[in-house]
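# Tertiary structure, described
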Amino acid sequence: QVQLVESGGGLAQAGGSLRLSCAASGRTFSSYAMGWFRQAPGKERERVAAISGGGRITDYADSVRGRFTISRDNAKNTVFLQMYSLKPEDSAVYYCAARDRTVYGRTPDEYDFWGKGTQVTVSE
């Protein structure tokens, strides 16, 4: 069982930056691939970024590639999402998710554990 707690959300202006963190419980954090998802009102949950268990392989949605960076610190059981050049369309609840494999998945149903989410709001 893995428990995930996100932090770092809030209000930012367009063009600004935020850094999200997700702290995970458990002793085998490196055996889990991690993903960041977001869900805006009336929209489906979409994967924003993902990272392999060892942290060497990452993947991004086209909408955030070049602006967001996912990373992890396995010694601290934490995964991060650094967001730059924020846009109003980035506004959503951001969720951290863990997959019980070292290879990340693309869709929400491939992930086994979820945090409760943190709100990100980007103003014009």
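Preceding block: the structure.
Let me sum up the structure you'll find in this document. Predicted model, so just to flag it, every value in this text is computed and none were measured. (Residues numbered from 1 in each chain as written. Predicted model: local features only at pLDDT ≥ 70, side-chain atom pairs only at ≥ 80, totals over all residues. Heavy atoms only, no water.)

### Some points on the packing of aromatic side chains
Applying the stated criterion across every chain, the model contains five aromatic pairs. Plain terms: the ring middles of Phe 37 and Trp 114 are 4.9 Å apart, the flat faces sit at 55 degrees to each other, and that makes the pair tilted. With Phe 37 in strand 4 (residues 33-39) and Trp 114 in strand 10 (residues 113-114), this residue pair connects regions lying 77 residues apart in the sequence. Since its relative accessible area comes to 0%, Phe 37 is described here as buried. (Phe/Tyr/Trp six-rings, centres within 6.5 Å; stacked < 30°, edge-to-face > 60°. Helix = DSSP H or I, 4+ residues; strand = E, 2+ residues; numbered from the N terminus. Buried < 20%, exposed > 50% of the residue type's maximum accessible area, 1.4 Å probe, protein only.)

### A word on the side chain of Asp 59
If you trace the backbone, Asp 59 turns up in strand 6 (residues 58-60). Those residues in contact with Asp 59, other than ones at most four positions away along the chain, are Arg 47, Val 48, Ala 49, Ala 50, Arg 65, Tyr 104 and Arg 106. (Contact = heavy atoms within 4.5 Å.)

### Quick word on the sheet that holds strand 3 (residues 18-24)
Overall, antiparallel pairing links the four strands, which are arranged 1-3-8-7 in an open sheet. Of all the strands in the sheet, the pair left with one neighbour each is strand 1 (4-7) and strand 7 (68-73). Across the sheet, the mean angle separating the axes of adjacent strands is 15 degrees when strand polarity is ignored. Both strand 1 and strand 3 contribute to a ladder of four bridges, which runs antiparallel. Each bridged residue has a counterpart across the sheet, and for Glu 6 the counterpart in strand 3 is Cys 22. (Pairing = 2+ DSSP bridges. Axes fitted to C-alpha atoms, helices over the stretch in contact; angles between N-to-C directions.)

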